[in-house]
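# Chain and residue survey
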Amino acid sequence: MYFIPNAYLSESLSDISIISDNSFRVSSNFEGGSARVLLLDAQTQTIRITPAGDPKRGMPNWWYLKVEGIDTSKAIILEVEARDDLVMDELTGQGKKVNPGWTWPACAALSTDRQHWTQTSPGKKQENRMAYRIKSRSANLWLAWGPPFTPADAQTFADKLAKTHSYAKAFTLGLSREGRPVPALKISEGSKPALQRPVVWIDARHHAWEVGGSWVGVGITEWLVSDQPQARWLRQNAEIYFVPVMDVDRVATGDGGKLSQPQDHNLDWSEKPHYPEIAAAQKQILALAKEGRMNLFLDLHNPAPGNKIQTAYVIEKPYMPKDADARKLRFVALLTEEFGELKQNPAKPPAENPEVFHRVSVPWVLEHSNANTIAFCIETPWNIPEGTPAGYALVGQKLGSAIEKLLHQAQQ
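Since the model is a prediction, treat every value here as computed from it, not as a measurement.

### Description of the environment of Ser23
Position of Ser23 relative to the elements: it lies in the loop between strand S2 (18–21) and strand S3 (24–27). For the pair Ser23 and Asp71, spaced 48 residues apart in sequence, the C-alpha separation works out to 9.9 Å. When sequence neighbours within four positions are dropped, the list of residues in contact with Ser23 reads Glu68 and Gly69.

Spelled out as structure tokens, the structure:
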């Protein structure tokens, strides 16, 4: 048995990425991996971990590990302890603890090949941890907070679409502070001149742990290149950009990202961004706005664990461009038609720190684009049975349909 009492945990132990008890082994030495092993017992096949993320790099709630040497005749037990580190509150600038619910999905993600992800049975809370009981038919298994989607996955996805569809162009938005490329796609089919095409900009993962955003964007894009008539019309009449992972650095290192220091990634849309990928996105969006084509911006996120409803942050009218409010309301109506129910969170400067509002992606885009530009933060629930690649893909298809209806109806 491998066991570390909590009293003896130190910062150096977060660097231990391979732990074994005989042939029963746990590792996290791969892109996006994050697990600090507290206990490993081959006899009972019990694994106790806590997320290994650096609190300075965001909420330490993301975990992702590989288990090898499993005896398939009996179950393994994964116990996940939440961290109690302080992270900096974005409004007050004071330290605060992260609610354990952010670390404990009702069901964990599992895979035998890191390609196909499903969910475990629901976990059970035991004292200060969540325990997941997993019966595996494979001796090797990957387990994670949610279905991982790494910068390498983003690059593979962009390259694959560019190879299989001539109208899809893979490009690099820019390099991160730590030198990682930020993969992106541009989709535009046919001979219609670019200056006659409205632009839709979609990005995800300003907060590294919010993996559902990437999968929803993948769902939109896969729908967009399909043979569906709506999808065909949209790509032939508009220009669509998709950035699957904005905060590539913290996704790659298995950190949470949200509330990171010195700056939360999604609060970096200022005149002098800390993160080069934000500056690169701003540069392209400003150029598109100068051409009068910046039409719709979607920033894809996941919400709090208790939110089970598709959500859109709806900027209040005083903070919308002068010709955009009617379009905003129409898009909200289309989203409601697609999802049946839509939670609408009104968005305006917070009383505690109103200046922070103008450093968020959506308000910044609205303040620097065209008179009819609309923009939304879209949050897709993760703590539900549909929090899988297939479930997220369906959300993406519905978002794609709403986008097409908005733009198509405007041309009729």
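After that view of the structure, there is still more to cover.
### Considerations on the nonpolar core
Leu65, Leu78, Trp201, Phe331 and Phe376 are the most contacted members of the largest nonpolar core, which has 118 residues in total. Here this core gets seven residues from one element, more than from any other, and that element is helix H8 (residues 389–411).

### Points about the pairing of strand S15 (residues 168–175)
Bridge analysis of S15 against strand S16 (residues 181–187) gives six bridges, and the strand direction is antiparallel. Directly across from Thr172, in S16, lies its bridge partner Pro183. Between the end of S15 and the start of S16, which pair antiparallel, lie five residues, with Gly179 showing a positive phi angle near 85 degrees.

### Observations regarding the pattern of salt bridges
Applying the stated criterion to the full structure yields 21 salt bridges. In this structure, Glu178 engages Arg57 in a salt bridge whose closest nitrogen and oxygen atoms are separated by 2.8 Å. Of this pair, Glu178 sits in the loop between S15 and S16 while Arg57 sits in the loop between strand S5 (46–50) and strand S6 (64–68), placing them 121 residues apart in sequence. A salt bridge links Asp249 to Arg180; the nearest nitrogen and oxygen atoms lie 2.8 Å apart. Taken together, the residues span a long stretch of sequence, with Asp249 in helix H4 (residues 248–252) and Arg180 in the loop between S15 and S16 at a distance of 69 residues. You can call Arg180 partly exposed: its relative accessible area is 25%.

### Observations regarding empty space enclosed by the protein
One pass over the full model with this rule turns up two cavities of 30 Å³ or more. Estimates place the volume of the largest cavity at around 60 Å³. The wall of the largest cavity is formed by Gly32, Trp62, Tyr64, Pro148, Phe149, Thr150, Arg205, Ala208, Arg250, Val251, Gly254 and Asp255. Across the lining of the largest cavity, the residue classes break down as six nonpolar, three polar and three charged.

Basis of the calculations
- Residues numbered from 1 in each chain as written.
- Predicted model: local features only at pLDDT ≥ 70, side-chain atom pairs only at ≥ 80, totals over all residues.
- Heavy atoms only, no water.
- Helix = DSSP H or I, 4+ residues; strand = E, 2+ residues; numbered from the N terminus.
- Contact = heavy atoms within 4.5 Å.
- Core = buried A, V, L, I, M, F, W, Y, C linked by side-chain atoms within 4.5 Å.
- Buried < 20%, exposed > 50% of the residue type's maximum accessible area, 1.4 Å probe, protein only.
- Pairing = 2+ DSSP bridges.
- Salt bridge = Lys/Arg side-chain N within 4 Å of Asp/Glu carboxyl O.
- 1 Å grid on protein atoms, 1.4 Å probe; cavity = no way out; pocket = protein on both sides within 12 Å on 5 of 7 lines; lining within 4 Å.
- Points joined across faces, edges and corners; volume = space filled by probe spheres on them.
- Nonpolar A, V, L, I, M, F, W, Y, C, P; charged D, E, K, R; others polar.

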